[in-house]
Amino acid sequence: MKGKKEQGSTISFYIPLVLIAAFMIGCFSVSLINVRENVGGIINSEGLSDEGSVATGPKVRKSNVMEENGLKYRMVSASDLDIKKESPEIKKTSEPVSSQIEEVSSAEPAVSSENEVSSEAEAVSSVPEISTESEASSSEAVVSEEPEKKHLILPNDKYINFIPHKEGYVAYLTFDDGPSEYTDAILDVLDYYDAKATFFVIYHKDMEDKYKAIVDRGHTIGLHTFTHKYDKVYRSENAFFKEIDRIGNYVYRLTGKRTKIIRFPGGSSNTVSRHYCQGIMDTLKKSVPARGYVYHDWNVDSCDAEYYNLAPDKLLENVKKSLTKYRKPDILMHDAGESKRTTVEALPMIIEYIYSQGYSLEGLQLDSYAVHHNW
């Protein structure tokens, strides 16, 4: 009887201990669960999986402008451009991919709703990524063979690396002799890079929409005479102004834009004009300003007029040779159709280089700095 009492008292002694231990184990388990959930939340917010690897979920677009190490990175998009993505009839030409373009590899989610997250994520995830240098060099530009519309195919979304614009450093891209079948492609590149340019136009049949597009898309249209034929343009002072008036009136009828910005065929220092009228350029350099016009020469030459389809990298090198000598470089290029196809191909590289040197890109205005040849 005594043994049973001792056994009962022993059991009674351990029951509270067992209950206390079970309670403590339960509390510890709950704490572990909370810690795991908190750590999981931190991991997910950092874009990592539970194993510590990079999450493979959809990417979200970064903000439009950011800075890093003193450099600005600006998002530009070609998604809204009228660019032909695919065509059964295309002609392939190599497109330069500048080392200053960087692919978007990750981004911090910062959107206001699930719908916006999904739509932007799909847009960004559809952008092809360039993973190796060899793949980058194999990137191609495509120009449609349709005669009425030729477009340069551009990447959909890129970050462009450029230093902040330096005060007073403005570059002017100028295109002579157009419009042409490549005008649309030039305009698409300019739109993609948020750059403005100046087109010194002459008369071309069946190009009415091109003149209008230049003005409608925010660029400057200048006059380069009606025919660009030296024997007609430089026959006399009156002949020159008849050519200017004729192209000026034609541009006005098409665009509603009156322009007083001109460029002499061959520039103000050309020597060919003397064969048709001795001393004509000295006369015109005085009478042109007297009639309210502003003429522009150039101080940076891409040399695309000297050769038939000069290689794009050579055109870039020609621009690099003298661009940074000037606070306001005026860059001579041409919009002259098939003979200047490589000018269009070189244009993205040239624009990226200009931006990388701290210049803004604007169209010439009446009060813009005017480069004049004085030799």
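Criteria and cut-off values
- Residues numbered from 1 in each chain as written.
- Predicted model: local features only at pLDDT ≥ 70, side-chain atom pairs only at ≥ 80, totals over all residues.
- Heavy atoms only, no water.
- Phe/Tyr/Trp six-rings, centres within 6.5 Å; stacked < 30°, edge-to-face > 60°.
- Helix = DSSP H or I, 4+ residues; strand = E, 2+ residues; numbered from the N terminus.
- Buried < 20%, exposed > 50% of the residue type's maximum accessible area, 1.4 Å probe, protein only.
- Axes fitted to C-alpha atoms, helices over the stretch in contact; angles between N-to-C directions.
- Parallel < 35°, antiparallel > 145°, perpendicular 65-115°, else oblique.
- Left-handed = near helix turned anticlockwise from the far one by under 90°.
- Contact = heavy atoms within 4.5 Å.
- Nonpolar A, V, L, I, M, F, W, Y, C, P; charged D, E, K, R; others polar.
- Salt bridge = Lys/Arg side-chain N within 4 Å of Asp/Glu carboxyl O.
- Patch = residues over 30% accessible without salt bridge, like charges linked within 9 Å, V, L, I, M, F, W, Y side chains within 5 Å.
- Areas by Shrake-Rupley, 256 points an atom, 1.4 Å probe, with all protein chains shown as cover.
- Core = buried A, V, L, I, M, F, W, Y, C linked by side-chain atoms within 4.5 Å.
- Pairing = 2+ DSSP bridges.

> Whenever I open this one, the packing of aromatic side chains confuses me. Can you help?
Here a ring pair, both rings aromatic, is described through the centre-centre distance and the interplanar angle of the planes. The full count for this structure, using the stated rule, is 13 aromatic pairs. Relative to Tyr250, the ring of Tyr203 has its centre 5.2 Å away and its plane inclined at 75°; by these criteria the two rings are edge-to-face. Pair noted here: Tyr203 is in the loop between strand S8 (197-201) and helix H5 (208-216) and Tyr250 is in helix H7 (residues 237-255), with a separation of 47 residues, a long-range link. The exposure class of Tyr203 is partly exposed, given its relative accessible area of 33%. Tyr250 sits in the buried class, given a relative accessible area of 10%.

> Explanation requested: the packing of helix H4 (residues 183-192) against H5 in the structure shown.
Geometrically, a packed helix pair is captured by the angle between its two axes and the distance between the axes. Relative orientation of the contacting elements H4 and H5 amounts to 15°, with a least axis distance of 10 Å. On the basis of the axis angle, H4 is roughly parallel to H5. The two elements H4 and H5 cross, and the hand of that crossing is left-handed. Only Lys210, Ala213 and Ile214 of H5 make contact with H4, whose side of the interface consists of Thr183, Asp184 and Leu187. When grouped by side-chain class, the residues that make up the contact of H4 with H5 number three nonpolar, one polar and two charged.

> Is there a simple way to think about the pattern of salt bridges in this case?
Pairs can form between side chains of opposite charge once their charged atoms are near each other. If you walk through the whole model with that rule in mind, you get ten salt bridges. The salt bridge partner of Lys320 is Glu317, with a shortest N-O separation of 4.0 Å. In this pair, Lys320 and Glu317 are both assigned in helix H9 (residues 312-322), three residues apart and thus about one turn of the helix distant. Residue Glu317 is classed as partly exposed on the basis of its relative accessible area, which comes to 39%. Look at the salt bridges and you will find they share partners, linking Asp176, Arg263 and Asp330 into a network.

> Is there a simple way to think about unusual backbone geometry in this case?
The bulk of non-glycine residues show a negative phi, and the bulk of peptide bonds are trans. The linkage connecting Gly178 with the following residue, Pro179, adopts the cis geometry, with an omega of 0°. Positionally, Pro179 belongs in the loop between strand S7 (170-178) and H4. Although it is not a glycine, Asp177 sits at a positive phi angle of roughly 80°. As for its position among the elements, Asp177 is in strand S7. The class of Asp177 is buried, set by a relative accessible area of 18%. The phi dihedral of Asp206 is positive, around 60°, even though this residue is not glycine. You can see Asp206 is positioned in the loop between S8 and H5. Residue Asp206 is classed as exposed on the basis of its relative accessible area of 57%.

> I would appreciate a short explanation of the environment of Asp216 in the present structure.
Here Asp216 is to be found in helix H5. Spatially, the C-alpha atom of Asp216 lies 8.1 Å from that of Thr255, the residues being 39 residues apart in sequence.

> What is the right way to read a nonpolar patch on the surface from this model?
A contiguous nonpolar patch, built from Ile20, Phe23 and Met24 and spanning about 360 Å² of accessible area, is present on the exposed surface. Note on placement: Met24 falls in helix H1 (residues 2-45). For Met24, a relative accessible area of 55% corresponds to the exposed category.

> Explain the nonpolar core to me, please; I cannot follow it from the model alone.
What tends to happen in soluble globular proteins is that the nonpolar side chains get buried as a cluster. With 58 residues, the main nonpolar core has Leu173 and Phe240 as its most contacted residues. Dropping the residues within four chain positions of it, Leu173 is found in contact with Leu190, Ala197, Thr198, Ile331, Met333, Leu347, Ile350, Ile351, Ile354 and Leu361. Judged by nonpolar contacts, the second largest core, of five residues, contains Val170, Tyr172, Phe200 and Ile261.

> Could you clarify how one ought to interpret the pairing of S7 in this entry?
Taken across its nine residues, S7 has nine buried, putting it largely inside the fold. Inspection of the sheet shows S7 paired to strand S14 (residues 360-361) by two bridges, in the parallel sense. In the strand pairing of S14, Ala171 is matched with Leu361. Looking at chain direction, S7 and strand S13 (residues 330-334) are connected through five bridges and run parallel.

> Even after reading the chapter, I still don't get the packing of H9 against helix H10 (residues 341-356), so can you show me in this structure?
At a minimum axis separation of 8 Å, H9 and H10 run at an interaxial angle of 40°. The angle between H9 and H10 places the two elements in the oblique class. The handedness of the crossing between H9 and H10 comes out as right-handed. Counted together, Pro312, Asp313, Leu315, Leu316, Val319 and Lys320 of H9 and Thr342, Thr343, Glu345, Ala346, Met349, Ile350 and Tyr353 of H10 form the full contact between these two elements. Considered class by class, the residues forming the contact of H9 with H10 number eight nonpolar, two polar and three charged.

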